[in-house]
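In case you want the letters, here they are:
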Amino acid sequence: MYKTIFQAKRIIKQQVRSNMIDIPNSFSNYQKGYLFTNENINGYLNIANIKEHSSALTVTSSGDHAFNLVGQGILDIDTFDINYLSEYIALGLKRAMILKYNYYEFLAITLKFMNNISLEELTDIINDLLPYMERKHRIFWTKILNYNYKLQKRSKNPLNLILLLCCGIPSPMIHIYNNAYLLDEYCYQQLRRNLGNANITFTQTDAIMLPEVFKGKEYDLILLSNILDYFSQHWDEEWSYNRLEEYLASLEGVAKEEAIIFIKYIFDYKIRGIEATKCFRGSNVSRSDITDEFTIIFDNVYTEYENAMIFRRVRKQEIDK
């Protein structure tokens, strides 16, 4: 935890010194996190029948994958992320917001977070959330709040702490559209009721290590977001479908029979009706290679763009005794 605090302070200090909100490097152990998803999670969870499931392994990221699952009654969730800060943003700050605020308060506070807000008001808001956090998250945010306030209190135009630690924050309409728990007051209240009974863990790890790190456990659902876009760092450029198949076979070792693996969320799979030639960045895997289930989600927010999700239902073969 204390190394994460140190690294968060470094991220804040670098941006305050330059008086600029920086774009982070992708996929490192200590980087800016996400406050909201940029995936249409609501779209692809609606397509797959997950009502009978109870456990999940999912990327942590903004916490929205886990929170959408909890809203639908899935309460046993292990999350993973290569970025240590994800835990403190998603399971610390954002979870506390959901527990404290009603639907309309939550939307109002997130709108404040996305715009110009005074140093004093932002500090007060997060201070009021501390009692709703677990101890380690409370310590983190207390240290960060104190550091940020001292660093910026004499600045004429202090930078927004949320934007210093989070990136990719979409407009309210987009994150409402992407998340089932934000569609209306009823869905949000359902999440709040379930969240108090949910067991959500965090493990810092690279997704390539999931079969080893979670060996011995089995899940009904596995959600990988678009992480496979970055696997060329493990498999080299232009990796083939055989690489993908080997990885998915190893993931089935931590999946139950009839589990669903949400393999890859494809941004901009179709642009004005024209399909992308590849399904994974840094690979040579095309649509014709995909033998798993493939769903295209039309996004009304972006009328010229269609996103897609590749998923697989696990059907393990019986081993003859």
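Residues numbered from 1 in each chain as written. Predicted model: local features only at pLDDT ≥ 70, side-chain atom pairs only at ≥ 80, totals over all residues. Heavy atoms only, no water.

Caption draft 1: Seen up close, the packing of helix 6 (residues 119-129) against helix 7 (residues 135-152). Where helix 6 contacts helix 7, the axes come no closer than 11 Å and their chain directions differ by 170°. The pairing of helix 6 with helix 7 is recorded here as roughly antiparallel in orientation. Taken together, the residues of helix 7 that come into contact with helix 6 (itself represented by Leu119, Glu120, Thr123, Ile126 and Asn127) are Trp141, Leu145, Asn148, Tyr149 and Gln152. Its residues assigned to classes, the contact of helix 6 with helix 7 comprises five nonpolar, four polar and one charged. (Axes fitted to C-alpha atoms, helices over the stretch in contact; angles between N-to-C directions. Helix = DSSP H or I, 4+ residues; strand = E, 2+ residues; numbered from the N terminus. Parallel < 35°, antiparallel > 145°, perpendicular 65-115°, else oblique. Contact = heavy atoms within 4.5 Å. Nonpolar A, V, L, I, M, F, W, Y, C, P; charged D, E, K, R; others polar.)

Caption draft 2: Molecular detail of the side chain of Lys94. Along the chain, Lys94 falls in helix 4 (residues 85-100). When residues no more than four places from it in sequence are discounted, the contact partners of Lys94 are Leu35, Phe36, Ser62, Asp64, Phe67, Ile89, Phe106 and Tyr181.

Caption draft 3: Structural context of the pattern of salt bridges. Summed over all chains, the structure comprises twelve salt bridges. The shortest N-O distance in the salt bridge between Asp220 and Lys256 comes to 3.6 Å. With a gap of 36 residues between them, Asp220 in strand 6 (residues 219-223) and Lys256 in strand 7 (residues 255-271) connect regions that are remote in the sequence. A salt bridge links Glu252 to Arg312, with the nearest nitrogen and oxygen atoms 3.3 Å apart. Residue Glu252 is located in the loop between helix 13 (241-251) and strand 7, and its partner Arg312 is located in strand 10 (residues 305-313); the two are separated by 60 residues in the primary sequence. Accessibility assignment for this pair places Glu252 and Arg312 in one class, buried. Within the structure, one salt-bridge network assembled from shared partners comprises Glu245, Glu252, Asp292 and Arg312. (Salt bridge = Lys/Arg side-chain N within 4 Å of Asp/Glu carboxyl O. Buried < 20%, exposed > 50% of the residue type's maximum accessible area, 1.4 Å probe, protein only.)

Caption draft 4: Broad picture of the nonpolar core. Formed by 70 residues in total, the largest nonpolar core has its most connected members in Trp141 and Phe262. Tallying contributions element by element places helix 4 first for this core, with nine residues. Contact partners of Phe262, with chain neighbours within four places excluded, come to Tyr44, Leu45, Ala48, Ile50, Leu221, Ile222, Leu223, Leu224, Ser225, Met309, Ile310 and Phe311. The next biggest cluster of nonpolar side chains, apart from the first, holds 34 residues, and it includes Phe80, Ala207, Ile227 and Phe294. (Core = buried A, V, L, I, M, F, W, Y, C linked by side-chain atoms within 4.5 Å.)

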